[in-house]
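Letter by letter, the chains look like this.
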Amino acid sequence: MAGLEVEGLQRLNDPSLKSLLFQKLLVAQGRGLVLRLEIPESIQAVPMNNVQLLRVMGILLDNAIEAGAMVNDGKFIARFWIIPMR
């Protein structure tokens, strides 16, 4: 699918976060935007309250999608790196 980067989601083992990220990828694609998620290493769990994490990620992704919609030439790439803490 053009504009849809899902490969990194295979490295994320949090079902609710994975679902939110995939849904936002689909929203971006539906608006003709490219939203890339880069998850370089496997992540088993995120050490944060799940509800707060989903809210923060949802707001960040919504803002990126909204900003992308304002770009006149339609060329906009938002990248999010999710890196496990050591």
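All of these numbers come straight from a predicted model, not from anything done at the bench. (Residues numbered from 1 in each chain as written. Predicted model: local features only at pLDDT ≥ 70, side-chain atom pairs only at ≥ 80, totals over all residues. Heavy atoms only, no water.)

Chemist: How should I be thinking about the packing of helix 1 (residues 15-30) against helix 2 (residues 50-69) in this particular structure?
Modeler: Their axes nearest at 10 Å, the elements helix 1 and helix 2 cross at an angle of 10°. By the criterion of interaxial angle, the relationship of helix 1 to helix 2 is roughly parallel. For the pair helix 1 and helix 2, contact is made by Ser16, Leu17, Leu20, Leu21, Lys24, Val27 and Ala28 and by Asn50, Leu53, Leu54, Met57, Gly58, Leu61, Asp62 and Ile65, respectively. Grouping the constituent residues of the contact of helix 1 with helix 2 by class yields 10 nonpolar, three polar and two charged. (Axes fitted to C-alpha atoms, helices over the stretch in contact; angles between N-to-C directions. Helix = DSSP H or I, 4+ residues; strand = E, 2+ residues; numbered from the N terminus. Parallel < 35°, antiparallel > 145°, perpendicular 65-115°, else oblique. Contact = heavy atoms within 4.5 Å. Nonpolar A, V, L, I, M, F, W, Y, C, P; charged D, E, K, R; others polar.)

Chemist: What should I look at first to understand the environment of Ser16 in this one?
Modeler: Mapped onto the fold, Ser16 is located in helix 1. Taking the C-alpha atoms as reference, Ser16 lies 8.3 Å from Asn50; in sequence the two are 34 residues apart. Polar contacts involving the side chain of Ser16 include one to the side chain of Asp14, which spans 2.9 Å. (Polar contact = N/O pair within 3.5 Å; in protein donor to acceptor, adjacent residues only side chain to side chain.)

Chemist: Would you mind showing me how to read helix 1 here?
Modeler: An α-helical segment advances 3.6 residues per turn. Residues three or four places apart therefore align on the same side. Under the 1.5 Å per step criterion, the end-to-end length of helix 1 is 22 Å for 16 residues, consistent within 8% with the ideal 22 Å. Within the span of helix 1, buried status applies to Leu17, Leu20, Leu21, Lys24, Leu25 and Ala28. For helix 1, the angular spread of buried residues about the axis comes to 135°, placing them on one side. Those residues of helix 1 that are exposed and aimed more than 90 degrees away from the buried face are Pro15 and Gly30. Turning to helix 1, the residues buried within the fold contact strand 1 (34-38) and helix 2. Downstream of helix 1 by a residue or two, Gly32 has a phi angle that is positive, lying close to 75°. (Expected span 1.5 Å × (residues − 1). Buried < 20%, exposed > 50% of the residue type's maximum accessible area, 1.4 Å probe, protein only. Arc of directions from axis to C-beta.)

Chemist: Is there a simple way to think about the side chain of Lys24 in this case?
Modeler: With respect to the helices and strands, the residue Lys24 is situated in helix 1. Taking relative accessible area as the criterion, Lys24 reaches 10% and is therefore assigned buried. Aside from chain neighbours lying at most four places away, what touches Lys24 is Leu35, Gly58, Leu61, Asp62 and Ile65.

Chemist: Before we go on, may I ask you to explain a nonpolar patch on the surface in this structure?
Modeler: A cluster of nonpolar side chains, namely Met48, Val56 and Leu60, defines an oily patch on the protein surface of about 240 Å² accessible area. Note that Met48 resides in the loop between strand 1 and helix 2. (Patch = residues over 30% accessible without salt bridge, like charges linked within 9 Å, V, L, I, M, F, W, Y side chains within 5 Å. Areas by Shrake-Rupley, 256 points an atom, 1.4 Å probe, with all protein chains shown as cover. Salt bridge = Lys/Arg side-chain N within 4 Å of Asp/Glu carboxyl O.)

Chemist: Whenever I open this one, the side chain of Asp14 confuses me. Can you help?
Modeler: Along the chain, Asp14 falls in the segment before helix 1. In this structure, Asp14 is in contact with Gln44 and Asn50, ignoring residues within four places of it in sequence.

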